[in-house]
Amino acid sequence: AVKEDVMRIANASYYGGSRGVRTCLYAIPTRRFVKRKVQLGDFQLLSFVEVIGGLQPGDEVVVSDMSQYKNKNKLKLK
């Protein structure tokens, strides 16, 4: 299927491969990482994952493994 105007982010270890999955990703609105609940959709060619909700166009997110910080809502960028 083809979808137009889809927001997407790089596919990485945070994505479990299930459409509609909700996960927490760290967004970087300032010099802090802020945990946000994000709803993900389909993946595209294993490179990208559709964002259904929780992020806005232009938001930057951390896609590397942040599981060691799962109990933190905010992290300061040094």
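Take the overall build of the protein next. From N to C terminus, the protein includes 0 helices and 6 strands. What you see in the protein, going N to C, is helices and strands ordered as β-β-β-β-β-β. Here the protein, with 78 residues, has 26% of them falling under the buried criterion. For the protein, the proportion of contacts with a sequence separation of at least 24, taken over those separated by at least 6, is 55%.

One pass over the full model with this rule turns up 0 aromatic pairs. The ring centre of F48 lies 3.7 Å from the NZ or CZ of R8, which sits over that ring.

Here the structure, examined in full by the defined rule, presents 1 salt bridge. With a closest N to O distance of 2.7 Å, D59 and R36 form a salt bridge. Taken as a pair, D59 in the loop between strand 4 (48-53) and strand 5 (61-62) and R36 in strand 3 (residues 32-44) lie far apart in primary sequence, 23 residues in all. Among the residues examined, D59 registers a relative accessible area of 29% and is labelled partly exposed. Residue class for R36 comes out partly exposed when judged on its relative accessible area of 25%.

As a further point, take a positive patch on the surface. On the surface, R31, R32, K74, K76 and K78 cluster together to form a positively charged patch. Relative to the helices and strands, K74 resides in strand 6 (residues 74-76).

Rules used in this analysis
Residues numbered from 1 in each chain as written. Predicted model: local features only at pLDDT ≥ 70, side-chain atom pairs only at ≥ 80, totals over all residues. Heavy atoms only, no water. Helix = DSSP H or I, 4+ residues; strand = E, 2+ residues; numbered from the N terminus. Buried < 20%, exposed > 50% of the residue type's maximum accessible area, 1.4 Å probe, protein only. Contact = heavy atoms within 4.5 Å. Phe/Tyr/Trp six-rings, centres within 6.5 Å; stacked < 30°, edge-to-face > 60°. Lys NZ or Arg CZ within 6 Å of the ring centre and 35° of its normal. Salt bridge = Lys/Arg side-chain N within 4 Å of Asp/Glu carboxyl O. Patch = residues over 30% accessible without salt bridge, like charges linked within 9 Å, V, L, I, M, F, W, Y side chains within 5 Å. Areas by Shrake-Rupley, 256 points an atom, 1.4 Å probe, with all protein chains shown as cover. Lys, Arg positive; Asp, Glu negative; His and termini not counted. Charge placed at Lys NZ, Arg CZ, Asp CG, Glu CD.

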